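Residue-level listing of the chains:
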Amino acid sequence: MKNALIWGFVIGLLSAAWLFITHALGYDTYNDKTAPFEYLSILIPVIGLLLGIKSYRDNECKGQMGFLEALIQSFKILLFGGILAVFVAIAYINYIQPNGGNFMAFSGRMFGALLVGLLSALGVSLVWANKSNKID
């Protein structure tokens, strides 16, 4: 559980930083348009999961991990990261960009982040799983 908390915190913190960096660069949720560089934020959960699951496999599973173990650990990491990112997003909408932010555009981005996280979890689990769970 410690690994999931650490890497979830890293993903959540980097996602929150990304939100404030884009705000500082002048890209807000006032409209539905997405700047091309915003797609780079996809790298946050992908790289965080790659490093987090590799750390879990190497340190807690003694180098051997099945797909289901990796998937469950990925979901734990994303859960903790998502909770932190959502709290920061709520604070952002309420205090940084009150009365003017496009809540629908912002919630659409959060839903997109959820889908990216789920697909990343599947991909990372396939990459780092190395223990066969073959049933004969």
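Cut-offs applied
- Residues numbered from 1 in each chain as written.
- Predicted model: local features only at pLDDT ≥ 70, side-chain atom pairs only at ≥ 80, totals over all residues.
- Heavy atoms only, no water.
- Helix = DSSP H or I, 4+ residues; strand = E, 2+ residues; numbered from the N terminus.
- Expected span 1.5 Å × (residues − 1).
- Buried < 20%, exposed > 50% of the residue type's maximum accessible area, 1.4 Å probe, protein only.
- UniProt positions renumbered as here; feature names shortened; annotations may be inferred.
- Contact = heavy atoms within 4.5 Å.
- pLDDT = per-residue confidence, 0-100.
- Axes fitted to C-alpha atoms, helices over the stretch in contact; angles between N-to-C directions.
- Parallel < 35°, antiparallel > 145°, perpendicular 65-115°, else oblique.
- Left-handed = near helix turned anticlockwise from the far one by under 90°.
- Nonpolar A, V, L, I, M, F, W, Y, C, P; charged D, E, K, R; others polar.
- Phe/Tyr/Trp six-rings, centres within 6.5 Å; stacked < 30°, edge-to-face > 60°.

An unreviewed UniProt entry lists the chain under the name DUF4199 domain-containing protein, from Mucilaginibacter ximonensis.

A. Quick look at helix H3 (residues 67–96). The end-to-end C-alpha separation of H3 is 41 Å, in line with the 44 Å expected for 30 residues at 1.5 Å each. Those residues of H3 that sit buried are Ala70, Leu71, Gln73, Ser74, Ile77, Leu78, Gly81, Ala85, Val88, Ala89, Tyr92 and Ile93.

B. Seen up close, the UniProt feature "transmembrane region" (unreviewed entry) in the chain. Feature annotation in UniProt places "transmembrane region" (unreviewed entry) on residues 36–56, 77–96 and 108–129, given in this structure's numbering. Within the segment residues 36–56, helix and strand shares are 67% and 0% respectively, and the terminal C-alpha atoms sit 33 Å apart.

C. Inspection of the environment of Met65 at higher detail. Within the secondary structure, Met65 sits in the loop between helix H2 (43–59) and H3. Here Met65 falls in the buried class, since its relative accessible area comes to 0%. Sequence spacing of Met65 and Ala129 is 64 residues, and the spatial spacing of their C-alpha atoms is 5.3 Å. Those residues in contact with Met65 that sit more than four places away from it in its chain are Ile53, Tyr56, Arg57, Ala70, Trp128, Ala129, Asn130 and Lys131.

D. A look at the confidence of the model for the chain. The predicted model of the chain averages 83 in pLDDT, with 85% of residues at 70 or higher. The lowest-confidence element of the chain is helix H4 (residues 103–128), averaging 83 in pLDDT; the highest-confidence one is H2, averaging 92.

E. View of the side chain of Ser120. Inspection of the secondary structure assignment puts Ser120 in helix H4. For Ser120, a relative accessible area of 9% gives the class buried. For Ser120, the contacting residues outside a window of four places in its chain are Val46 and Leu49.

F. Just the packing of helix H1 (residues 2–24) against H3, in detail. As a packed pair, H1 and H3 sit with axes 7 Å apart at the nearest point and diverge in direction by 30°. Regarding the angle of H1 to H3, the classification is roughly parallel. Here H1 and H3 pass one another in a crossing that is right-handed. Its residues placed into classes, the contact of H1 with H3 shows 17 nonpolar, seven polar and one charged.

G. Structural view of the packing of aromatic side chains. Summed over all chains, the structure comprises one aromatic pair. An angle of 75° between the planes, with centres 5.8 Å apart, marks the rings of Phe20 and Tyr92 as edge-to-face. With Phe20 in helix H1 and Tyr92 in helix H3, the pair connects residues that are 72 residues apart, well separated along the chain.

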